[in-house]
Amino acid sequence: MIDKHGFMKCISCSSTFNIDQNLIVCPKCGGLLEIINEKEVDIKKLKGKGVWRYKDFIPGNYNKIISLNEGNTPLIKSKRFENLFFKFEGLNPTGSFKDRGMTIAISSAASLKYKIVVAASTGNTAASASAYAARAGIKTILFLPKGKVAKGKLFQSILHGAYIVEINGSFDDAMDKIKKLFNENKDVYPVNSFNPWRLEGQKTIAFEIFEEIGNPDFIIVPTGNAGNIYAIWKGFKELMNLGLIEKIPKMIAVQSSGSSPIADYIMGNKEKIEFVENPETLATAIRIGKPVNYMKALKAIKDSNGYAIKLDDKEIIEGQKELAREEGIGVELASASTMKAYHKLLDNGYINKNDKVVLILTGHALKDPNIWFEEETYSIPPSDVEVLINKLKI
Ligand code: F0G
């Protein structure tokens, strides 16, 4: 049954296709596909909570729905800044925003009767794919950069029973292997973010923000493979197409200075994007030199009149500490970059205190505690407790 409420379009060669969850990349040129949703949705009539509340916005046929009640994450108001909000995606079922996309991708794979899903990952996609595939009774094969995946994420993938292939190389090398496997073997369904169906789930972040606080001025997104910033932009674009908002919030990409091809392109007004051969950052989730979705991300940033910014690891750690100790929100390093980015953009006048800003806190702190045991002396001898209390009570 063809879904007539939309179509698919290649971002590179502009070829169009009927809606088909089997289509991952353009069959003509191999380019990224966009899913154009043409359904008229009355947002006031939606029912339920989480990603599937928005099923009318998501084309495709889902005779099997594989869900862990993802989405419906809290939008927490800052204690210190009047117009700042935190979308805490770390509270999704596996601890990251990936679950929003994974429920759609794995439901597609299950509906199409695939037995195996595959993914390259810096860790969170792996954890999410493993959990959702387990629930669907589908096997997962993961390609991971050896020694570069945070322990919490690797543990989740092992726990949910994924088959793990460790690559001596970067995430980008693992991604090349997945693309090759997918080109050569039609038995596997890739659930990386070059799969446009995943981004259909992730765009629901925009819908939830809109339903709760209306239209923000800025959305700040940690950016690696660059699917999420496009997905959130796409959500707002669809709200605009329905006449619900007049303009799209400015989309701000944040990258780590050791792996910042998108930020370098935007900040440097470069003619063309230059990939980073050996990306390096403690924020391993976004340790990506060749973002597969860069064309989509640039479209989102340019169309929304947005911007990009890069931060070094020290600044990102400061952001993590600040969010944890001032706001009580524990996030992993990649997500913490958005806090520091907010300060920098306030300081340089790009963002004003009156602007309504949402930081997308993509992953939970428990994913990656390692650096905290290396850096801090956190233990106090029992004999010092009296002294400590006397010091703290003042
Ligand atoms: N934040 C976290 C916590 C992530 O895990 C990722 C990506 C991003 C931000 C960036 O999102 O790729 O859509 O720009 N993690 C991927 C993974 C690459 O394999 O888990 P993006």
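Just so we're clear, the structure is a prediction, and the values are computed from it rather than from any experiment. (Residues numbered from 1 in each chain as written. Predicted model: local features only at pLDDT ≥ 70, side-chain atom pairs only at ≥ 80, totals over all residues. Heavy atoms only, no water.)

Colleague: Where do I start with the site of the ligand in this structure?
Modeller: Residues in close proximity to the ligand total 21 residues, the closest being Ser121, Thr125, Asn225, Ala226 and Thr362. Between the ligand and the protein, one listed contact pairs an oxygen atom with a backbone N or O atom of Ala226 at 2.7 Å. Compared with its free state, where it exposes 480 Å², the ligand has 99% of that area covered by protein. When contributions to the shell around the ligand are tallied by element, the ones reaching two or more residues are α2 (124-136) and α7 (227-241). A breakdown of the residues in the shell around the ligand according to their chemical character gives seven nonpolar, 12 polar and two charged. (Near = heavy atom within 4 Å. Polar contact = N/O pair within 3.5 Å; in protein donor to acceptor, adjacent residues only side chain to side chain. Areas by Shrake-Rupley, 256 points an atom, 1.4 Å probe, with all protein chains shown as cover. Helix = DSSP H or I, 4+ residues; strand = E, 2+ residues; numbered from the N terminus. Nonpolar A, V, L, I, M, F, W, Y, C, P; charged D, E, K, R; others polar.)

Colleague: Please clarify how the pairing of strand β6 (residues 116-120) should be interpreted in this entry.
Modeller: With four of five residues buried, β6 is to be regarded as a mostly interior element. In this sheet, strand β9 (residues 188-190) lies alongside β6 in parallel orientation, the contact comprising three bridges. Opposite Ile116, over in β9, you have Val188 as the bridge partner. (Buried < 20%, exposed > 50% of the residue type's maximum accessible area, 1.4 Å probe, protein only. Pairing = 2+ DSSP bridges.)

Colleague: Which parts of the structure should I look at to understand a nonpolar patch on the surface?
Modeller: Nonpolar side chains collect at one region of the surface, where Ile380, Val385 and Ile389 lie side by side and expose about 240 Å² of accessible area between them. Tracing the backbone through its elements, the reader meets Ile389 in helix α13 (residues 385-392). Residue classification places Ile389 among the partly exposed positions, given a relative accessible area of 44%. (Patch = residues over 30% accessible without salt bridge, like charges linked within 9 Å, V, L, I, M, F, W, Y side chains within 5 Å. Salt bridge = Lys/Arg side-chain N within 4 Å of Asp/Glu carboxyl O.)

Colleague: Looking at this structure, I do not really get the environment of Asn168. What am I missing?
Modeller: Its place among the elements puts Asn168 in the loop between β8 (163-167) and α4 (171-184). Taking the C-alpha atoms as reference points, Asn168 and Asp217, separated by 49 residues in sequence, lie 42 Å from one another.

Colleague: When you look at the domain arrangement of the protein chain in this model, what are you seeing that I'm missing?
Modeller: By a frequent convention, interface size equals the accessible area lost on bringing the separate parts together. You can read the domains of the protein chain as domain 1 (1-38) and domain 2 (75-95 + 198-373). Each of domain 1 and domain 2 was reduced to a C-alpha centroid, and the two centroids are 27 Å apart. Of the residues lining the interface, seven residues belong to domain 1; the matching set on domain 2 comes to 10 residues. For the pair domain 1 and domain 2, the summed buried surface comes to about 710 Å²; carbon and sulfur atoms form 55% of the total. Seen at the junction of domain 1 and domain 2, the total is one salt bridge. With a shortest N-O distance of 2.8 Å, Glu34 and Lys299 are connected by a salt bridge. (Domains from an automatic or database assignment. Contact = heavy atoms within 4.5 Å. Buried area = accessible area lost by both parts, 1.4 Å probe.)

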